[in-house]
Amino acid sequence: MFKRFRRKRYNPVLRDLLQETHLRVEDFIYPLFIKPGSGIKEEVASMPDVYQMSIDEMIKECETLKSLGIYSIILFGIPATKDSVGSDALCDHGIIAEAIRAVKKAHPDMFVVSDLCFCEYTDHGHCGVLDPVLHTVDNDITLANLGLQAQVHARAGVDMIAPSGMMDGMITAIREGLDSGGFEHIPIMSYSSKFASAYYGPFRDVAESAPSFGDRRSYQMNPANRNEAILESLADEEEGADILMVKPALAYLDIIRDVKNHSKLPLACYNVSGEYSMLKMAGRAGVIDYDRVMMETLIAFKRAGADIIITYHAKEAAKILRGA
Ligand code: PBG
Ligand code: ZN
């Protein structure tokens, strides 16, 4: 007969009663990549079912998202022109500002988060202004520009700002930029423990943001470092971040748990492009049961301690959660 553990496992109703972790549509933030133009919806080869789209298509896409119960999006801009500082992102009529303004006008009930960085907007593809001597990102000039870009997003009507550039002091600088502009009500979700990861490869295709030289290891974290990840998230908490984040997610479940155990702030994780594409490609090759592996992966993020999951799987998972 069944004993100790198995006696609680054979009845499916009891199994549900005893489920410890739950995944909800409300847990998801869905990423969208916006470019200038109209009627544009282009799939990216390395990320099946993920599209670069123009603003009008984004507005249509939000209808679909809402019909699935997804009310949170994070926007990435792909500008028409790039330069050494990323001017498009500092302009009230650049792609990210126009996208925020348009989506909030058409869908005031959508919660619009903006990714705040410069790598999509600079011609060299790095996350800020370069130091001409050191050929790496100049931290403090970039901080000033991040404060300005935050004000651009805020003036366009963004609901929450998510800085992803891993500059030292970025939360202080952005908070000051927001508060001095009269935007004290806008929360900051910091990419607080963000690793220099090869899992971002497909994203850099879709966001057209691969660095033209070198890599991001002088600002993003070493994947081998656990204590540093905790310290850096706690530093962002001290600087005033409202929500912390661990990125990537799947190979960093231990870090999600570590940060959760060290901070009482809400925690997000970013289930990144490479993680998404691995499942997609394996599913398409018939190697795994895609839906089941996806749901198992997403609930693992909750179990590890994430409250919010930024994921390209959001629409597919929402369909399953709603039994559609
Ligand atoms: C920009 C940014 C990146 C991602 C989110 N914001 C890329 C990078 O740091 O190179 C990655 C997202 C993904 O891989 O899905 N700083
Ligand atoms: Zn960046």
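Check the entry above for the structure.
Residues numbered from 1 in each chain as written. Chains lettered and ligands numbered in written order. Predicted model: local features only at pLDDT ≥ 70, side-chain atom pairs only at ≥ 80, totals over all residues. Heavy atoms only, no water.

The immediate surroundings of ligand 1 are formed by 18 residues, with Lys194, Arg204, Lys247, Ser273 and Tyr312 found nearest. For ligand 1, an oxygen atom lies 2.7 Å from a polar atom in the side chain of Arg204. At a separation of 2.6 Å, an oxygen atom of ligand 1 approaches a polar side-chain atom of Tyr312. Out of a free accessible area of 400 Å², ligand 1 has 100% covered by protein chains. Cavity membership is defined here by more than half of the atoms lying within 2 Å of grid points; on that basis ligand 1 lies in the largest cavity. Residues that form the shell around ligand 1 fall into these classes: 10 nonpolar, three polar and five charged. (Near = heavy atom within 4 Å. Polar contact = N/O pair within 3.5 Å; in protein donor to acceptor, adjacent residues only side chain to side chain. Areas by Shrake-Rupley, 256 points an atom, 1.4 Å probe, with all protein chains shown as cover. 1 Å grid on protein atoms, 1.4 Å probe; cavity = no way out; pocket = protein on both sides within 12 Å on 5 of 7 lines; lining within 4 Å. Sits in = over half its atoms within 2 Å of the grid points. Nonpolar A, V, L, I, M, F, W, Y, C, P; charged D, E, K, R; others polar.)

Geometrically, a pair of aromatic rings is defined through the distance of the ring centres and the angle of the planes. According to the stated counting rule, one finds eight aromatic pairs in the structure shown. With a centroid separation of 5.5 Å and 65° between ring planes, the pair formed by Phe33 and Phe203 is classed as edge-to-face. Within this pair, whereas Phe33 is found in strand E1 (residues 28-34), its partner Phe203 is found in helix H6 (residues 201-206), the two being separated by 170 residues in sequence. Seen from their ring centres, Phe76 and Phe203 are 5.1 Å apart, and the 75° between their planes marks the pair as edge-to-face. Here Phe76, found in strand E4 (residues 72-77), pairs with Phe203, found in helix H6; they are 127 residues apart in sequence, far enough to count as distant. (Phe/Tyr/Trp six-rings, centres within 6.5 Å; stacked < 30°, edge-to-face > 60°. Helix = DSSP H or I, 4+ residues; strand = E, 2+ residues; numbered from the N terminus.)

Bringing a positive patch on the surface into the picture now. Side chains of Lys3, Arg4, Arg6, Arg7, Lys8 and Arg9 sit close together on the surface and give a patch of like positive charge. Of note, Arg6 is situated in the segment before helix H1 (12-17). (Patch = residues over 30% accessible without salt bridge, like charges linked within 9 Å, V, L, I, M, F, W, Y side chains within 5 Å. Salt bridge = Lys/Arg side-chain N within 4 Å of Asp/Glu carboxyl O. Lys, Arg positive; Asp, Glu negative; His and termini not counted. Charge placed at Lys NZ, Arg CZ, Asp CG, Glu CD.)

What follows deals with a nonpolar patch on the surface. On the surface, Val13, Leu17 and Leu18 cluster together to form a nonpolar patch covering roughly 310 Å² of accessible area. Relative to the assigned elements, Val13 resides in helix H1. Using a relative accessible area of 57% as the deciding quantity, one classes Val13 as exposed. (Buried < 20%, exposed > 50% of the residue type's maximum accessible area, 1.4 Å probe, protein only.)

Another point: the coordination of the zinc ion (ligand 2). Distances from the zinc ion (ligand 2) to its protein donors, Cys117 (SG), Cys119 (SG) and Cys127 (SG), fall at 2.2 to 2.3 Å. One can describe the donor arrangement at the zinc ion (ligand 2) as tetrahedral, given that its four donor atoms subtend angles of 94 to 124° at the metal. In the primary sequence, the donor residues of the zinc ion (ligand 2) line up as C-x1-C-x7-C. Cys127 matches Cys119 in its accessibility class, with the two residues each being buried. (Donors = N, O, S within 2.8 Å, 3.2 Å for Na, K, Ca; no water. Tetrahedral: all angles 85-135°; square planar, octahedral: opposite > 155°, others 65-115°.)

So, on to helix H9 (residues 273-284). Spanning 12 residues, H9 covers 16 Å between terminal C-alpha atoms, matching the ideal 16 Å at 1.5 Å per step. Structurally, H9 contributes buried residues whose contacts are with strand E3 (47-53), H6, strand E9 (267-271), helix H10 (290-304) and helix H11 (314-321). Phi for Gly286, located one or two positions after H9, is positive at around 75°. (Expected span 1.5 Å × (residues − 1). Contact = heavy atoms within 4.5 Å.)

With that out of the way, let us pick up the pattern of salt bridges. Taken as a whole and assessed by the stated rule, the structure comprises 18 salt bridges. In this structure, the salt-bridge partner of Asp27 is Arg24, at a minimum N-O distance of 3.2 Å. We classify Asp27 as buried; its relative accessible area is 2%. Residue Arg24 is classed as partly exposed on the basis of its relative accessible area, which comes to 43%. One network of salt bridges, with partners in common, ties together Asp49, Lys280, Arg284 and Glu316.

Looking at the secondary structure, you find Lys247 in strand E8 (residues 244-247). For Lys247, which is buried and forms no salt bridge, the nearest opposite charge comes from Asp115, at a distance of 5.9 Å.

What follows deals with the nonpolar core. By size, the foremost hydrophobic cluster in this structure holds 103 residues, and its most contacted members are Met58, Leu75 and Met189. In terms of residues, this core owes the most to one element, helix H3 (residues 95-106), which gives seven residues. Those residues within four positions of Met58 in sequence are excluded, and the remaining contacts are Leu32, Ile34, Met53, Leu75, Ala99 and Val103. (Core = buried A, V, L, I, M, F, W, Y, C linked by side-chain atoms within 4.5 Å.)

Estimated volume of the largest pocket: approximately 260 Å³. Residue lining of the largest pocket: Phe5, Lys8, Arg9, Arg15, Leu18, Gln19 and Glu20, and that is the complete set. Here the residues of the lining of the largest pocket are counted per class, giving two nonpolar, one polar and four charged. Together, Thr136, Val137, Asn139, Met166, Met167, Asp168, Ser218, Tyr219, Gln220, Met221, Glu228 and Glu232 line the second largest pocket. (Points joined across faces, edges and corners; volume = space filled by probe spheres on them.)

Once that is clear, we can look at empty space enclosed by the protein. A complete count under the given rule lists two cavities of 30 Å³ or more for this structure. Quantified by volume, the largest cavity comes out at close to 140 Å³. As for the largest cavity, its lining consists of 19 residues, and the residues nearest its centre are Cys119, Lys194, Tyr200, Phe203 and Lys247. Classifying every residue of the lining of the largest cavity by side-chain character gives 10 nonpolar, three polar and six charged. Its volume calculated, the second largest cavity comes out at about 50 Å³.

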